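Each chain, written out:
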Amino acid sequence: MRKPLVVALCALALAGAGVTPAVATAPTPTGADTAAGAGAGAGAGSGSATVLDVVDGVAGTAADALSGLTGPKAAAVNFAGTVSLSNCSGSVVRLPHSADDDPALVLTNGHCLESGFPAAGEVLVDRASSRSFGLLNPAGSRVATLRANRLVYATMTDTDAAVYRLGTTYAQIRSAYGIDALTLSATRPAAGTAISVVSGYWKRIYTCSVDGFAHRLKEGNWTWKDSVRYTPACDTIGGTSGSPVVDDATGKVVAVNNTGNEDGARCTVNNPCEVDANGVVTVRQGINYAQQTYPFTACFGTGSRLDLGASGCTLPKP
C-alpha cells in the first residue's frame with residue numbers, strides 16, 4: 001500500500017526542529033473551511049495537533065518544494081478537485097447522474113481510513129466521520145478544508161476504496177472556490193489509455209498509460225479484482241494512495257491509485273503479485289497499480305446515497 005509514513009518521517013528529520021504544527025479550525029455549518037489556519041488530518045477538529053499533523057505538515061511543505069522542481073505535469077490534467085489527507089491523496093468526485101445540490105463525495109483508498117486497514121472480507125457502510133480534506137485548485141494550492149459527516153463506504157476486499165460524504169454540496173464548492181468535482185467514468189478503461197495519477201498529498205502528477213489488467217492482485221491478506229496495471233512511467237510513491245487516475249482524453253476518473261511492488265517480493269505487503277485465471281503468479285518489481293472505479297457509478301442514487309442493492313451494483317456488501 002502506498003502509505004507516506006516513512007517518507008514523511010524522513011522529511012521531518014531533514015526539516016529539523018522549530019516546526020510549528022498546523023491546528024485545525026472548527027468546521028463551518030456547510031462543512032467547508034477556508035484554507036487560512038486550517039489543517040487536514042484524521043485528528044482534525046480535536047483542537048490540538050497530533051504527531052501525524054506535524055509529520056504531514058512538514059512532509060507537505062517539503063513535497064511542495066520538491067514537486068515544483070521534479071513533479072511531471074500533464075498538459076490537460078491539473079489538481080483542481082483533488083484533495084490531500086493526513087496520510088494519503090484523494091479527490092472530490094461526482095457520479096454521471098449527480099445533481100449540483102447533492103452532498104459532495106470524496107474518494108480515496110480503503111487502506112487510507114483514519115481507523116486503519118479494514119480486514120480482508122470487511123465492508124464498512126454508513127459510519128460517522130468528521131474527517132477533513134485539503135481542497136486543491138488547478139495549480140495545486142490548498143484553498144479550503146472540506147469536512148465529512150459520514151464514511152459512506154469502505155473496503156479492501158475486491159477493491160481498495162473509501163467514499164466519504166461531505167456536509168457541502170457540489171454547487172457550494174463551485175460557488176465558494178470555483179472548483180468542480182471530478183466525474184467518475186461509467187465505463188471500464190481500455191489497455192493503452194493515456195492516464196494521469198494526480199496526487200493531492202505530494203502535489204505531483206504522474207503520466208503514463210494503462211498497461212493491462214491483473215485478474216487478481218494479491219497483497220498480504222487482501223485480494224483485489226481486475227486491477228489496473230500502469231506502464232513504468234507512473235512510478236508512484238508513498239502518499240499517492242487514493243489519487244484519482246484520470247483518463248487524459250475525457251478528464252474522467254477511471255481508477256483510484258493504491259499500490260505497487262517495491263522490493264520484488266511475492267504477494268507480501270507493499271509487494272503485490274498478479275494471479276491469473278489459472279492461478280499462475282507473476283511478480284513485477286517496480287510496477288504500480290490502481291483499482292477501477294466504474295462499479296461505483298451503479299451503486300449510488302439521488303442525494304449521493306449508497307444503494308448496494310441497486311441493479312448492476314457489484315460492490316462487495318457487508
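What you see is a predicted model, and the numbers here were worked out from it, not measured in a lab.

Student: Describe the packing of aromatic side chains, listing the residues and the values that go with them.
Tutor: Overall, the coordinates contain four aromatic pairs when judged by the stated rule. Taking 5.6 Å as the distance between ring centres and 75 degrees as the angle between the ring planes, the aromatic pair formed by F117 and W222 counts as edge-to-face. Taken as a pair, F117 in the loop between β4 (103-108) and β5 (123-128) and W222 in strand β12 (residues 222-230) lie far apart in primary sequence, 105 residues in all. Overall, the relative accessible area of 36% leaves F117 in the partly exposed class. Note on W222: relative accessible area 10%, which makes it buried. On the basis of an interplanar angle of 85 degrees and a centroid distance of 6.0 Å, the ring pair of Y153 and F296 is categorised as edge-to-face. Of this pair, Y153 sits in strand β7 (residues 142-155) while F296 sits in the segment after β17 (288-292), placing them 143 residues apart in sequence. Looking at F296, the relative accessible area reads 2%, which means it is buried. Positioned above the aromatic ring of Y170 is the side chain of R94, whose terminal nitrogen or guanidinium carbon lies 4.8 Å from the ring centre. Against the face of F213 rests R188, its NZ or CZ located 4.0 Å from the ring centre.

Student: I'd like to hear about the confidence of the model for the chain, residue by residue, with values.
Tutor: In regions of low pLDDT, the predicted coordinates are not meant to be interpreted in detail. Of all residues in the chain, 77% attain a pLDDT of 70 or more, and the chain-wide mean is 83. Mean pLDDT in the chain bottoms out at strand β1 (residues 32-34), which sits at 34, and peaks at β17, which reaches 99. Scored below 50 in pLDDT, residues 5-75 makes 107 contacts in the model with residues more than four places away or belonging to other chains.

Student: Quick one: what's the story with the environment of D211, residue by residue and with numbers?
Tutor: Along the chain, the position of D211 falls in strand β11 (residues 204-219). For the pair D211 and V228, spaced 17 residues apart in sequence, the C-alpha separation works out to 7.7 Å. What D211 contacts, discounting residues up to four positions off in sequence, is A191, R229, Y230 and T231.

Student: Can you explain the nonpolar core? Please cite residues and give values.
Tutor: Membership of the largest hydrophobic core comes to 49 residues, with the highest contact counts inside it found for V92, F133, L135, Y164, L166, F296 and F300. With twelve residues, the next largest nonpolar core counts V197, C208, V210 and V245 among its residues.

Student: Describe the pairing of β12, and please don't skip the residues or the numbers.
Tutor: Looking at chain direction, β11 and β12 are connected through eight bridges and run antiparallel. Along β12, the bridge assignment pairs K218 with T223. Connecting β11 to the antiparallel partner β12 that follows it, the hairpin turn spans two residues, and G220 within it adopts a positive phi of roughly 60 degrees. Note: β12 against β17, two bridges, orientation antiparallel. From the neighbouring strand, R229 faces β17, where its bridge partner is Y289.

Student: Describe the state of the cysteines, listing the residues and the values that go with them.
Tutor: All chains considered together, the criterion is met by four disulfides. Disulfide pairing is shown between C299 and C313; the S-S distance is 2.0 Å. Its S-S torsion of about 105 degrees marks the bond between C299 and C313 as right-handed, since a negative value means left-handed. Highlighted residues: C299 in the segment after β17 and C313 in the segment after β17, separated in sequence by 14 residues.

Student: Tell me what's going on with the side chain of S199, and back it up with residues and numbers.
Tutor: By the secondary structure assignment, S199 is in strand β10 (residues 194-199). Look at S199 and you get buried, because its relative accessible area is 0%. Among the polar contacts listed, one links the side chain of S199 to the backbone nitrogen of W202, at a separation of 3.1 Å. Those residues in contact with S199, other than ones at most four positions away along the chain, are F79, S89, R204, G239, T240 and S243.

The rules behind the values
Residues numbered from 1 in each chain as written. Predicted model: local features only at pLDDT ≥ 70, side-chain atom pairs only at ≥ 80, totals over all residues. Heavy atoms only, no water. Phe/Tyr/Trp six-rings, centres within 6.5 Å; stacked < 30°, edge-to-face > 60°. Helix = DSSP H or I, 4+ residues; strand = E, 2+ residues; numbered from the N terminus. Buried < 20%, exposed > 50% of the residue type's maximum accessible area, 1.4 Å probe, protein only. Lys NZ or Arg CZ within 6 Å of the ring centre and 35° of its normal. pLDDT = per-residue confidence, 0-100. Contact = heavy atoms within 4.5 Å. Core = buried A, V, L, I, M, F, W, Y, C linked by side-chain atoms within 4.5 Å. Pairing = 2+ DSSP bridges. Disulfide = S-S within 2.5 Å. Polar contact = N/O pair within 3.5 Å; in protein donor to acceptor, adjacent residues only side chain to side chain.

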